[in-house]
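Take a look at the letters that make up each chain.
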Amino acid sequence: MKFVDEVKIQVASGRGGPGAITFRRESFAPRGGPDGGDGGKGGDVIFRTSKHINSLVDYKPYKKYYAENGQGGGASNCSGHHGADMLMIVPEGTIIRDSETNEVLFDLTDSNEINFLQGGRGGKGNAFFKTSVNQAPEYAQPGEDNHNREIVLELKLIADVGIIGFPNAGKSTLISRISAAKPKIADYPFTTLTPNLGVVKVGDYSNFVVADIPGLIKGAHQGVGLGIQFLKHIERTSLFVHIVDVSGMSGRDPIQDFQDINYEIEQYDEMSKEKDGFFPLKTREQIVVLNKIDLVPADQIEKIKQTFKKKFNVNTFAISGVTGKNINELLQTMAEKVIASKTGANDQEQGQH
Ligand SMILES: Nc1nc2c(ncn2[C@@H]2O[C@H](COP(=O)(O)OP(=O)(O)OP(=O)(O)O)[C@@H](O)[C@H]2O)c(=O)[nH]1
Ligand SMILES: [Mg+2]
């Protein structure tokens with residue numbers, strides 16, 4: 001399935017139906033009273049999230065999504081039918097922005113249904129306006145107007161941990177090892193073209209969600225490779241697992257790769273800093289993972305570990321996604337950090353009250 005994570009569309013609620021101006025015309029009541037019914041209410045535009053979709057691909061760019069207008073009232077005090085609502089089913093994690101100001105109007109992470117645009121009220125029919133002094137009103141209310149809005153739907157996957165790294169570093173291999181996710185894994189760069197989510201279970205009590213995104217390369221912020229736009233999907237994660245390929249097989253240097261990816265992250269922050277609600281990625285805690293150690297002699301791995309420690313003051317995990325070596329320890333640390341970040345956030349919230 002194609003992955004669409006941003007789409008500009010128009011939405012409109014329905015107009016209210018007009019009230020009717022009619023009078024009873026029965027043979028035995030030639031001057032019957034007013035009996036114009038009320039107009040129906042216009043349909044609303046409603047957004048609802050679903051766990052079963054993970055892309056905005058069903059929404060066509062620039063298309064208009066209209067709710068139905070309410071029908072006019074009829075004679076004999078018949079009310080018009082309400083217009084049908086426009087129900088917009090979107091993936092969890094969808095944000096609705098104003099297309100001009102970019103302001104976040106709704107964040108559908110927190111709520112699973114919102115009434116985005118109310119339909120217009122139906123107008124009252126002339127029967128409603130009958131009074132003791134005006135037994136035959138010749139007027140009725142028009143239906144209330146509808147609402148239009150141009151918006152951008154933006155999807156940010158909801159994950160606790162984001163896996164970052166160069167293409168071919170072994171990101172998808174790791175997620176397939178620690179969760180039930182079955183992403184494509186292959187020995188060439190840019191195997192992963194759209195993000196994969198996996199639920200990781202540690203013990204009986206805690207689950208967390210990991211996102212595997214397409215690989216980044218130097219110059220990604222200028223659009224090289226697949227670009228950096230997929231970083232938006234890990235904006236909300238509390239932790240990154242940064243995978244570095246230490247096999248040297250692709251002719252790259254692990255230290256340089258690590259620096260290049262962090263540089264791209266800084267560039268992403270720079271480009272996103274004006275965005276409403278943006279929280280810079282470079283401040284996100286990283287677990288640095290040296291992968292493919294089955295292909296490298298132990299003393300060489302030790303050297304790389306020491307370089308990371310000396311140069312960046314970073315402790316690294318050395319693993320093999322293929323043999324599974326040290327993956328349990330890595331998993332345990334990931335779980336501890338995710339839990340700590342969740343409880344930390346709760347403490348802060350409680351502290352504010
Ligand atoms: N020997 C060895 N090979 C590995 C290890 N981890 C991954 N690989 C191989 O490296 C290749 C790339 O693995 P992927 O998991 O597809 O890499 P990726 O980071 O998801 O790559 P992209 O999706 O292109 O960004 C595959 O051939 C894997 O089998 C490892 O620990 N040891
Ligand atoms: Mg991959």
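Before going into details, it helps to say that this report is about the structure given with it. (Residues numbered from 1 in each chain as written. Chains lettered and ligands numbered in written order. Predicted model: local features only at pLDDT ≥ 70, side-chain atom pairs only at ≥ 80, totals over all residues. Heavy atoms only, no water.)

1. Brief notes about the coordination of the magnesium ion (ligand 2)
Test applied: Sodium, potassium and calcium take a 3.2 Å donor cutoff, other metals 2.8 Å, and in both cases only N, O and S atoms count; water is not among them, so sites may look incomplete. Under the scheme used here, helices are H or I runs from DSSP no shorter than 4 residues and strands are E runs no shorter than 2 residues, and both carry numbers assigned from the N terminus. Note on exposure labels: buried denotes an accessible area under 20% of the residue type's maximum, exposed denotes more than 50%, and partly exposed covers the range between, all computed with a 1.4 Å probe on protein chains only.
At 2.0 to 2.1 Å from the magnesium ion (ligand 2) lie its protein donor atoms, namely S172 (OG) and T192 (OG1). On the criterion of sequence distance, the pair formed by S172 in helix 1 (residues 171-178) and T192 in the loop between helix 1 and strand 10 (196-202) is long-range, its members being 20 residues apart. A relative accessible area of 9% means that S172 is categorised as buried.

2. A closer look at the nonpolar core
Filter applied, for reference: By nonpolar core is meant a set of buried Ala, Val, Leu, Ile, Met, Phe, Trp, Tyr and Cys residues that side-chain atoms within 4.5 Å join together. Contacts were defined at the residue level, with two residues in contact if any of their heavy atoms lie within 4.5 Å.
Core analysis: the largest hydrophobic core is formed by 24 residues, its most contacted members being L174, F208, V210 and M334. Put simply, the parts of the chain that give this core at least two residues each are strand 9 (161-165), helix 1, strand 10, strand 11 (206-212), strand 12 (239-245), strand 13 (285-291) and helix 4 (327-352). Non-local contacts of L174, meaning those with residues more than four positions away in its chain, are made with I163, V241, I243, I319, I327 and L330. With 19 residues, the next largest nonpolar core counts V11, F47, M88 and L153 among its residues.

3. Here's the deal with the packing of aromatic side chains
Heads up, the condition is: Any two rings among Phe, Tyr and Trp, with Trp reduced to its six-membered ring, count as a pair given centres within 6.5 Å; such a pair is stacked if its planes are under 30 degrees apart, edge-to-face if over 60, and tilted if neither. Throughout this description, the term charge over a ring refers to an Arg CZ or Lys NZ atom that lies within 6 Å of the ring centre and within 35 degrees of the ring normal.
Evaluation of the coordinates by the stated rule reveals nine aromatic pairs. Ring geometry for F106 against F116: centres 5.9 Å apart, planes inclined by 70 degrees, an arrangement best described as edge-to-face. Placement of the pair is F106 in strand 6 (residues 104-107) and F116 in strand 7 (residues 113-117), with a sequence separation of ten residues. Note on F106: relative accessible area 30%, which makes it partly exposed. Ring plane angle 55 degrees and centroid distance 4.9 Å describe the contact between F258 and F312, whose orientation is recorded as tilted. Residue F258 is found in helix 2 (residues 254-272), and its partner F312 is found in helix 3 (residues 298-312); the two are separated by 54 residues along the sequence. Joined through ring pairs, the aromatic side chains of F47, F106 and F116 make up one cluster. The ring of F128 has K124 sitting right over it, with the charged end atom 5.0 Å from the ring centre.

4. Considering the sheet that holds strand 12
The line we're drawing: In short, DSSP must find at least two bridges between two strands for them to pair. Angles here are taken between N-to-C directions and fall from 0 to 180 degrees, while the axes themselves are lines fitted to C-alpha atoms, restricted in helices to the stretch in contact.
Taking strand neighbours across the sheet as the criterion, the six strands line up as 10-11-9-12-13-14 in an open arrangement whose pairing is mixed. At either end of the open sheet lies a strand with only one pairing partner, and these are strand 10 and strand 14 (316-318). Recorded for the sheet is a direction-independent mean angle of 30 degrees between the axes of neighbouring strands. Pairing analysis gives three bridges linking strand 9 to strand 11, with the strands arranged parallel. If you follow I163 over to strand 11, its bridge partner there is D212. Together, strand 9, strand 12 and strand 13 form the strand contacts of helix 2, whose direction differs from that of strand 12 by roughly 145 degrees. Along the sheet, helix 3 makes contact with strand 12, strand 13 and strand 14, crossing strand 14 at roughly 165 degrees.

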